[in-house]
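# Architecture and fold: a report
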Amino acid sequence: MTLPSHAGIVVIGGGIIGCSTAYHLARDHKADVVLLEQGKLTSGSTWHAAGLVGQLRSSASITRVLKYSVELYKGLEAETGLATGWKMTGCLRLATNADRWTEFKRLATTAKSFGMDMQLLSPAEVKRMWPLMETGDLVGASWLPTDGQASPSDIAQSLARGARMHGAKLFEDVRVTGFEMKDGRITAVKTEKGDIACDKVVNCAGQWARQVGAMAGINVPLQPVKHQYIITEKIEGLATDAPTIRDPDRRTYFKEEVGGLVMGGYEPNPQAWTTGDVPNDWEFRLFDDDYDHFEQHMTQAIARVPALETVGVKQMINGPESFTPDGNFILGVAPECTNMFVGAGFNAFGIASGGGAGWVLAQWVVDGEAPLDLWVVDIRRFSGLHRDRDWVRDRTLEAYGKHYTIGFPHEEYLSGRPRIVSPLYERLEKHRAVFGSKLGWERPNWFAPDGAAAEDVYSMGRQNWFGPVGDEHRHVREKVGIFDQSSFAKYELTGTDALKALDWICANDINKPVGRLTYTQLLNTRGGIEADLTVSRLGEDRFYIVTGTGFRTHDLSWIGDHIGAGLHARLNDVTEEYGTLSLMGPHARDVLSAVTEADVSNAAFPFGHAREIAIAGHTVKALRVTYVGELGWELHVPIAATGEVFEALMTAGKPHDIRPVGYRALESLRLEKGYRAWGSDITPNDTPLEAGLGWAVKLRKNTDFVGRRALEKASGKPLTKRFAGFTVDDPEIVLVGRETILRNGAPVGYLTSGGYGYTVGKNIGYGYVRNADGVSDEFLASGDYQLVVAMEATPAKIHLEPMHDPAGTKIKA
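What counts as what
- Residues numbered from 1 in each chain as written.
- Predicted model: local features only at pLDDT ≥ 70, side-chain atom pairs only at ≥ 80, totals over all residues.
- Heavy atoms only, no water.
- Phe/Tyr/Trp six-rings, centres within 6.5 Å; stacked < 30°, edge-to-face > 60°.
- Helix = DSSP H or I, 4+ residues; strand = E, 2+ residues; numbered from the N terminus.
- Buried < 20%, exposed > 50% of the residue type's maximum accessible area, 1.4 Å probe, protein only.
- Pairing = 2+ DSSP bridges.
- Axes fitted to C-alpha atoms, helices over the stretch in contact; angles between N-to-C directions.
- Contact = heavy atoms within 4.5 Å.
- Core = buried A, V, L, I, M, F, W, Y, C linked by side-chain atoms within 4.5 Å.
- Salt bridge = Lys/Arg side-chain N within 4 Å of Asp/Glu carboxyl O.
- Polar contact = N/O pair within 3.5 Å; in protein donor to acceptor, adjacent residues only side chain to side chain.

### Some words on the packing of aromatic side chains
- The tally for this structure, following the rule as stated, stands at 28 aromatic pairs.
- Ring centres 5.9 Å apart and planes at 70 degrees place the aromatic pair phenylalanine 329 and phenylalanine 349 in the edge-to-face group. A residue pair is termed long-range when its members are at least 10 positions apart, and phenylalanine 329 in the loop between strand 17 (313-323) and strand 18 (330-333) and phenylalanine 349 in the loop between strand 19 (340-344) and helix 8 (350-367) qualify at 20 residues. Taken individually, phenylalanine 329 and phenylalanine 349 each receive the classification buried, so the pair is uniform in this respect.
- Here the aromatic rings of phenylalanine 723 and tyrosine 766 are separated by 5.4 Å at their centres, their planes lie at 5 degrees, and the arrangement is stacked. Linking phenylalanine 723 in strand 33 (residues 721-728) with tyrosine 766 in strand 36 (residues 762-770), this pair joins segments that are 43 residues apart in sequence.
- Under the relative-accessibility criterion, tyrosine 766 is labelled buried at 4%.

### Some details on the sheet that holds strand 22 (residues 481-484)
- Taken in spatial order, the six strands line up as 29-30-31-28-22-32 in an open sheet, and their pairing is mixed. Across the chains shown, the open sheet's two edge strands, defined by having one partner strand only, are strand 29 (610-615) and strand 32 (659-661). When strand polarity is set aside, the average angle formed by the axes of neighbouring strands in this sheet is 30 degrees.
- Judged from the three bridges that link them, strand 22 and strand 32 form a sheet pairing that is parallel. Directly across from glycine 481, in strand 32, lies its bridge partner arginine 659.
- On top of the sheet, helix 15 (residues 642-653) reaches strand 22, strand 28 (578-584), strand 29, strand 30 (618-623), strand 31 (632-638) and strand 32; it is set at about 15 degrees to strand 28, its chief contact.

### Things to note about the nonpolar core
- Core analysis: the biggest nonpolar cluster contains 53 residues, and Val11, Ile16, Leu25, Leu159, Val202, Leu331 and Leu374 have the highest contact counts within it.
- Among the elements of the structure, strand 1 (6-12), helix 1 (16-29), strand 2 (33-36), helix 2 (60-80), helix 5 (152-165), strand 18 and helix 8 are those that each provide at least two residues to this core.
- Top element by residues in this core is helix 8. It accounts for nine residues.
- In this view, leucine 331 contacts Val342, Gly343, Phe346, Val360, Leu361, Trp364, Val377, Asp378 and Ile379; residues no more than four positions away in its chain are not counted.
- Counting residues in each nonpolar core, the second largest holds 35 residues, with Ile196, Val220, Ile330 and Val342 among its members.

### Remarks on the pattern of salt bridges
- All told, the structure shown has 47 salt bridges when counted by the stated rule.
- With its nearest N and O atoms 3.0 Å apart, the salt bridge here joins aspartate 657 to lysine 479. Within this pair, whereas aspartate 657 is found in the loop between helix 15 and strand 32, its partner lysine 479 is found in the loop between helix 11 (466-478) and strand 22, the two being separated by 178 residues in sequence.
- Of the residues examined, aspartate 657 reaches a relative accessible area of 37% and is grouped as partly exposed.
- Residue classification places lysine 479 among the partly exposed positions, given a relative accessible area of 31%.
- Aspartate 777 serves as the salt-bridge partner of arginine 722, at 2.7 Å between the closest nitrogen and oxygen. Residue arginine 722 is found in strand 33, and its partner aspartate 777 is found in helix 18 (residues 777-782); the two are separated by 55 residues along the sequence.

### What to know about the side chain of threonine 642
- Looking at where threonine 642 falls in the secondary structure, it is placed in helix 15.
- With a relative accessible area of 0%, threonine 642 lands in the buried category.
- Of note is the side chain of threonine 642, whose polar atom sits 2.7 Å from the backbone oxygen of isoleucine 639.
- Setting aside anything within four residues of it in sequence, one finds threonine 642 in contact with Pro423, Leu424, Ser486, Gly579, Leu581 and Val637.

Given below as structure tokens:
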């Protein structure tokens, strides 16, 4: 065996993800691919995976990825001649309480929104399908007939054969020992058996992905966790086509295997493996059986399937699986190195994801950008915080423990907090703030009134913050509020070519005089929205960029990757250098003019402008912009002065009854104003034209920018989907997103976000209305609309204008 001296793309890791990626690179892209596996194919964690294949996720794109896996597994044997063990048994999910049942009704609605037929069954119907099951405690079950199971090793081997058939070269027993790097790029992969020069590297090394990444200075925040399941002897009366079962209230799962059952679970007290390097020789190896730890699952499983009490256990599997801090897998281009791509951290649904993840990752590697909205799995959702392996372990174990708990809306993680706090943290605590966390930052979600508990009480209906948030909302509409938004990501772009760089990256026109602020989107080559942010021109060659907390790594990486070669433009992340106080409401100018000598009148400081002004002896960047639809400023303060400036504003605002306001109120205020949230309302799948943001695109200017060609192609044709708002009068309804939109009784889309508007006194949702023949104003206006909420249709009204202050007079006052 001789390794080639050069390859276009080197894939590291021969588990299901690596084999699938190599297969798709070779089949779809005719790429020059070499796959390296340090042991034998599947020898890491693929070989001991349980092999359940579910498809439904809360993201439409990830659901599409999983649906693709199923289609691929169905047809793979015909192509390669190797069976995959795919069986479409369907999957039953059991509910034993009202909250779980509500969750399932919402899930079934989501499934229908995504074009899948999930049904809700009675306990009697479940008993008929699975006679060996004890159903006395059930409220019901959900049934997805197209789910199933497969044999993980067989799929990986079939994909490997397919990859070879399409020209990929696969090598076993070749360990990667490092990389040759030049200017932050990998130029060659070093192995024990020689070096391979290459253009791109794909890290699919499973639980070794962390240490393979570290060799190139890349952080892959995953944590191997011990996951146990048993395989029983044959059980009398168990059908070979018995559906797979997920019994989340008992934290267990079941699937039929050779007449017996595979049974495992997700315990609340999981056991991490190492936070250090995983041993390289961990090949086809398991941990010792741990019956003491597994007993909790056994007890629950016997209660559900009494036959388990007397049947023999053929084998216990106790193996490591890679989990991540948020339960989503990790895909995409590493922010630290422009030609290393990652596919790892599959949280025990690597078999379900494998086919589809390889498909999209191959496309991503070839194009340099994701083919779909893959934000929830994008490696750029992490930050420097995730280099702390102890923090990652603690958060990952918490996420593992929540695998089968009820997913209440707005639920927050608790581990590893507080991690990053703004200078106002203790002051806001005294105001009885209830904090959430975003990318490590503690942020006030809402403020508890005196006498009420300063904590979230989760439920499926209205939660305990609903009333207090309404008071905060009204305060901003009627008086003045102050938001601590210090967690905003902030960058400076400087240099003689800074404008030239931004002109290419930004869809809107940034070439405005010094002192102007521009809202803009950053587009991909498909015209989809990769980011939306504000750019303030503080000098001829100096720009200040502000984006959302969670998008810090992603947006920095996107901008950095798209600055043209040879341009004199320097991008710096200055997030921690500035605190951000947003002063919002009709009395914002009264408060601001009392703390600065600068003229903040509308004539001197209009909307969409940025100035440096003095407050309490400090130079503050004042940006006149809003996400709440009221008069206001974002004040970017040197971080050490944040407390002083906050106190000055609070003192000056006393006559106007100023108060701190949280992120939940911000959300309800923006819903009324129709401002789009990136990641839900606008994503890489949506263009500005579809999102109703065409006004923010410089198509009329003769300047090229990323995505321009795609938009020009689309702008002559009728749009097949358009963003719209909806209100629902029924106060009992709770909108959370993914509810189906019906027009004249037929499904035309689903909500991308939902909440409550306290000024309009109604539930508000937004989403895209779709129609293959085009969505005209007339089409939108002429329909009779309903929203399906937890499987029940409720009347809704469509809105094409903002529900609050449609003319925008309050913002520009």
